[in-house]
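Notes for the structure review
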Amino acid sequence: MSRRPWRARLFLAGLASLTLALAAATALSAYVLIQLGRIDRHPLAGVLTSAPQQPVTAADVLVSIGELAESEPAQADDPQTEESDGDADTDPEKSSEDEASTAPSSGGQLVAPRSSTGENYLVVGTDSTEGLAADDPLRAGHSDWSRLADVIMVVRLRDDGTAALMSIPRDLAVEVAGTGDIPGTGTVAKINSAYNRDRTTAARAARLIDTIEENLGITLQHFVEADFLGFLRLVDSIGGVQMSFDRPLRDALKENSNGQLVSRSGFAIDAGTHLLDGRQALAFVRTRNMQDWVPERGWNTLAGENDLARNDRQREFMLAAVEQAAPELLSSPIKLLSVLDIAADHVSTSDTLSVVNDGRRVAQQFAGFEFSTGTEEYELRVQDTHTPVPWSLELTGDPHNERVLDVFRGIGWADVVESRVTVQVTGADRVRVAAELRDLGFNAVAGGAVAEGFDRVPNINLIMLGSEGRLAAGLLASHLVPVPNFGGHGELDANTVMLHLGGAALRVDAGYRTVEVPPAHLLSS
C-alpha cells in the first residue's frame, strides 16, 4: 500500500478544511437569509411617503463677492432676468462711498432643490402581551388583543452617516386619520390609540403613519415594529445592557390582587452600575411613575415625571443598547444568529425595506458610528390638556416644536429657511409684496410708507440687514427680480430684514437664484 508524501497529505487536509469552511459559511449564509426572510413585511409602500426633495436654504443661494461675475450669465430669455435693467438704480442723495450697497445683477444661477439626503423610520413598540405568563406584572393594564403603540419614535438616518431621534408622546391628542371625511371633523384621541383601531398590523400601521404625517407635517419612508416579548428577548440575547444610576429608583407601588404593594412595572434598582436583563430593561422603559430614594424623605416621585420623562428613558436606553450591542454582534456570529431568531419572531417591517440589502447599506453607512455622541436627540414641547381628551397632551405654540419637526423634514437646526425669516416691508407696493412673500413661507409684515430710521424716503428698492443678517437677506433676495440694493441697519437681528420698495416694481418669484450680499462692514447705514 502506497503512502502519500506528507506534502500531499497536508495539501489534501488543507483542501478538506477549506471545503468544510466554505460549506459552513454557505450554510450560515443560507440560515441568515432564511431567518431574515421570515421577518414579516407589511404592504405599506402605498401609504408611506417618498422622501421629499432637500429644501433650499440660505447657504445654497448665498455666494461670495465676485462669484456671480465669474459664473455663466443668464440666458436673455430667462423669465427670472426680466426687469433686471432697473437693478442699477441708486439713490442720488447717497455719495459714491456707498457703492457697497449697490445690488449685484440678477444674473445668478438658478438653484434647484436637491434629492433627499435622509429617510425617516417610524419605530413602534407595541404593548402586546402574547407569550407572557398570566401572572406576569408586565401584563398589568393590558390584554392579549390590545395593540397600543407603547413606544413611538421617528429615527432619521442621513446619507452622511448621522442620525436624529425624536420621541412622540403616546398621550399626544391628535385627530386620528381616517375617522372623518373632512379634515377637522375626525375623532380626536391619544395618538397611541390610532394603533388600536384595526385588526391587522398593516392596517394599524397605515392609520398611525397617516395620523403622524397629517398632524405633524413630516413624511415617513419606513416602518418597524417590535413587541414586548421581542424587546425582552433581544436584551437577553445580547447579554443585557449596562446602565448606571446615582440613587435607588423604583416605579411607584400599587396594590395587587393579593392586597400586596408591588411596583407597577416591576422596576426597582439600587444605586450603582447594573447589567439590566430583558425583564428589568422592559420595566425601566415602561415606568411612568418613577420614584427615587431620598434619605431624609424616603421614596419621592421625581419632579416632572410623566410620559415625557418615560420618553427620555426610552431614548437613553435605546442608545445605550445599540452602542453596547453593535460591537458584540459584529464580532460574535452566535449572538448575531440569536438576534436574527428573535427578530424573525417579534419584528416586522414595511415592504419598503429590503431587510438584507438595506440592512447591509445601513451597516456600512454607520460603521464606526459613535451612538452616544453622534445621535441628535430631540423632544417636542407639550402641555397638559383635558379637552377634548381627558389627561392628554398637546403641542405648545413654541417655535421650538416647528424647528424640531424641521429636522425630520431635512432642514438643519441652524439652517436659514423662509419660515425662520421675518421681513418688514415698507414702501408703495408693500401690501402686495408682503402677501406674496408670506405665500412663500416668510414671516412678512407690511409696515408703513417710509422705512424705519430714514429721514427721507429712499427712491430705490433696498434690503436692510443687521451685522449677522447676510443669510436671511440673501434668501430674501434670491426670490426677488430684480435684486434690490443692500444697506446696513444696526438694530436688526440675524433673522430679521427690512425690504423698502422705492424703485422699479419687484417681482416675487417662487424659484431661487444665487445672489451676492456684501459683508455688513461694507454696507452703509
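The structure under discussion appears in the preceding block.
The rules we used
Residues numbered from 1 in each chain as written. Predicted model: local features only at pLDDT ≥ 70, side-chain atom pairs only at ≥ 80, totals over all residues. Heavy atoms only, no water. Pairing = 2+ DSSP bridges. Helix = DSSP H or I, 4+ residues; strand = E, 2+ residues; numbered from the N terminus. Salt bridge = Lys/Arg side-chain N within 4 Å of Asp/Glu carboxyl O. Buried < 20%, exposed > 50% of the residue type's maximum accessible area, 1.4 Å probe, protein only. Polar contact = N/O pair within 3.5 Å; in protein donor to acceptor, adjacent residues only side chain to side chain. Core = buried A, V, L, I, M, F, W, Y, C linked by side-chain atoms within 4.5 Å.

**Some thoughts on the sheet that holds strand S14 (residues 268-269)**
In space, the four strands of this open sheet follow the order S14-S11-S16-S17, with antiparallel pairing throughout. Whereas interior strands pair on both sides, the edge strands pair on one side only; in this sheet they are S14 and strand S17 (298-301). Where strand S16 (residues 290-294) meets S17, four bridges bridge the pair, whose relative direction is antiparallel. Each bridged residue has a counterpart across the sheet, and for Asp-292 the counterpart in S17 is Asn-300.

**Here we look at the pattern of salt bridges**
Inspection of the entire model under this criterion finds 20 salt bridges. Ionic pairing is found between Asp-198 and Arg-207, a salt bridge with its closest N-O pair at 2.8 Å. For the pair Asp-198 and Arg-207, a shared accessibility class is recorded, and that class is buried. With a shortest N-O distance of 3.3 Å, Arg-315 and Glu-377 are connected by a salt bridge. Taken as a pair, Arg-315 in helix H7 (residues 307-331) and Glu-377 in strand S19 (residues 375-379) lie far apart in primary sequence, 62 residues in all.

**Let's talk about the side chain of Arg-158**
As for its position among the elements, Arg-158 is in strand S5 (residues 149-158). Since its relative accessible area comes to 15%, Arg-158 is described here as buried. At 2.9 Å, the side chain of Arg-158 forms a polar contact with the side chain of Glu-376.

**Here we look at the nonpolar core**
Core analysis: the largest hydrophobic core is formed by 35 residues, its most contacted members being Leu-122, Met-166, Ile-168, Leu-208, Ile-212, Ile-218 and Phe-408. Ranked by residue count, the leading element in this core is helix H4 (residues 201-216), at six residues. Core analysis: the second largest hydrophobic core is formed by 33 residues, Val-423, Ala-434, Ala-473 and Phe-486 among them.

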